[in-house]
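Breakdown of the fold
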Amino acid sequence: NKFVRPEGQPKDSILCIRNLTENSDGDIIVSSSTGIAKISDGTMTVFSDEEISGMTFYSAAADKFGRIWGSVNSGAYVLSSDGKVIGQIENNFIFPGENIYCLSNGEDGSVWCGSDKNSVAHIQFSGDQLSESDLDVTLYNTGKISTINSIIPVFDGSIMLNALNGFGVIDSDGSLTEFDETQSAVSVTGSCIDYEGNVWLASSTNGVIKYTQGSFTYPGRGTEISEYRINTLTCSNDCFYIGTDNGLLIYDSDWYPVTNQLTDMLRGDRVRNIISDRSGRVWIASYSDSPVICYDPKTEELTSRSSANGLSNNNARVLLELSDGTVAAGTQNGGSLM
């Protein structure tokens, strides 16, 4: 129940910590504006190779061979586990025309790399050298998400992108999901997923942000539904019947529009209520010349009721199937049984 300062840390040797990561041995790699260090068994060792001493390291990753990759202005240094420089990776080798901005451990000992623009790279190894023949680099475009601050691999093979101007996810098949929260999800530096599947973001501008998966799906997102005021809907015979203030919409199970005698008959009319009875027939109440319609999707048989043949009024508001199969219709000035 107390904070513990790592032992062995020289005064003012590691300042402005930019990133922490962990290698397969459980050591913590510390990237800072004044160098890079390792904390092992509670003791910090500052890497003192003259080539990197005092250099700003923005982030680090550990690969399957135990090497440490550290991102710097010119690209990335690759270090041994004790901090000796093994090699250097130039920006253009990973990102033509862009710069390496962050690094992250891959789940399988690979390395993820984010750019200062709109790209991420997955670096896998076919050998233990740093030559082109041993490094397999796969590039992904991040769309509008740019300046990648950090990359968080997820157990299902996807990665979360934390960026200066947004947050996104790249699935295991390479497809990108952008959340378009340009006002709230800005300056995102880190993210994690809790046990309920909620995503938590750390934003240096807006603090902590929580994304929660909604309880509802919207399969009709690609349709014209959003242009209408929806009053009522039902499903029958694998079709959706949707009543609006400006007519009837019908969609099949794949949300492709269907037009038939019903949609033609009610075009421009106010549809107030739709039900499906126990036989699968569709009953429609509307403000029209055919205020109550019974339609059988299987036979396409259609019958209608209006004030001309016994309905109390031509403005039908509500329908209800009773226990004996009778359908009750409520109109502007009364009720009818059919």
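Further up the page is the structure itself.
Residues numbered from 1 in each chain as written. Predicted model: local features only at pLDDT ≥ 70, side-chain atom pairs only at ≥ 80, totals over all residues. Heavy atoms only, no water.

**Considering the nonpolar core**
Ranked by internal contacts, the top residues of the largest apolar core, which has 15 residues, are Trp-69, Ile-94, Leu-103, Cys-113 and Ile-123. Broken down by secondary-structure element, the contributors of at least two residues to this core are strand S7 (75-79), strand S9 (100-105), strand S10 (111-115) and strand S11 (119-125). Looking at this core element by element, the count peaks at three residues for S11. When residues no more than four places from it in sequence are discounted, the contact partners of Ile-123 are Trp-69, Ile-94, Ser-110, Val-111, Cys-113, Leu-135, Asp-136 and Val-137. Counting residues in hydrophobic clusters, the runner-up holds 12 residues, among them Tyr-241, Ile-250, Ile-274 and Val-282. (Core = buried A, V, L, I, M, F, W, Y, C linked by side-chain atoms within 4.5 Å. Buried < 20%, exposed > 50% of the residue type's maximum accessible area, 1.4 Å probe, protein only. Helix = DSSP H or I, 4+ residues; strand = E, 2+ residues; numbered from the N terminus. Contact = heavy atoms within 4.5 Å.)

**Notes on the pairing of strand S3 (residues 35-40)**
The buried count for S3 comes to five of six residues, which makes it a mostly enclosed element. Of the pairings in the sheet, the one linking strand S2 (residues 28-32) to S3 comprises five bridges and is antiparallel in character. Its bridge partner being in S3, Ser-31 is matched across the sheet by Ile-36. Two strands pair when backbone bridges link them, and S3 and strand S4 (residues 43-46) are joined in this way by four bridges, in the antiparallel orientation. (Pairing = 2+ DSSP bridges.)

**Overview of a nonpolar patch on the surface**
Among the surface-exposed residues, Ile-17, Leu-20 and Ile-28 lie close enough to one another that they form a single nonpolar patch of about 280 Å² accessible area. Relative to the helices and strands, Ile-17 is located in strand S1 (residues 17-22). (Patch = residues over 30% accessible without salt bridge, like charges linked within 9 Å, V, L, I, M, F, W, Y side chains within 5 Å. Areas by Shrake-Rupley, 256 points an atom, 1.4 Å probe, with all protein chains shown as cover. Salt bridge = Lys/Arg side-chain N within 4 Å of Asp/Glu carboxyl O.)

**A short note on the sheet that holds strand S19 (residues 207-211)**
The strands making up a sheet are joined through hydrogen bonds of the backbone, oriented either antiparallel or parallel. Read from one edge of the open sheet, three strands run S17-S18-S19, paired in antiparallel fashion. Edge positions in the open sheet fall to strand S17 (188-193) and S19, since each of these has one partner strand only. For this sheet, the mean inter-axis angle between neighbouring strands, taken without regard to orientation, is 20°. Bridge analysis of strand S18 (residues 199-203) against S19 gives five bridges, and the strand direction is antiparallel. From the neighbouring strand, Ala-202 faces S19, where its bridge partner is Val-208. (Axes fitted to C-alpha atoms, helices over the stretch in contact; angles between N-to-C directions.)

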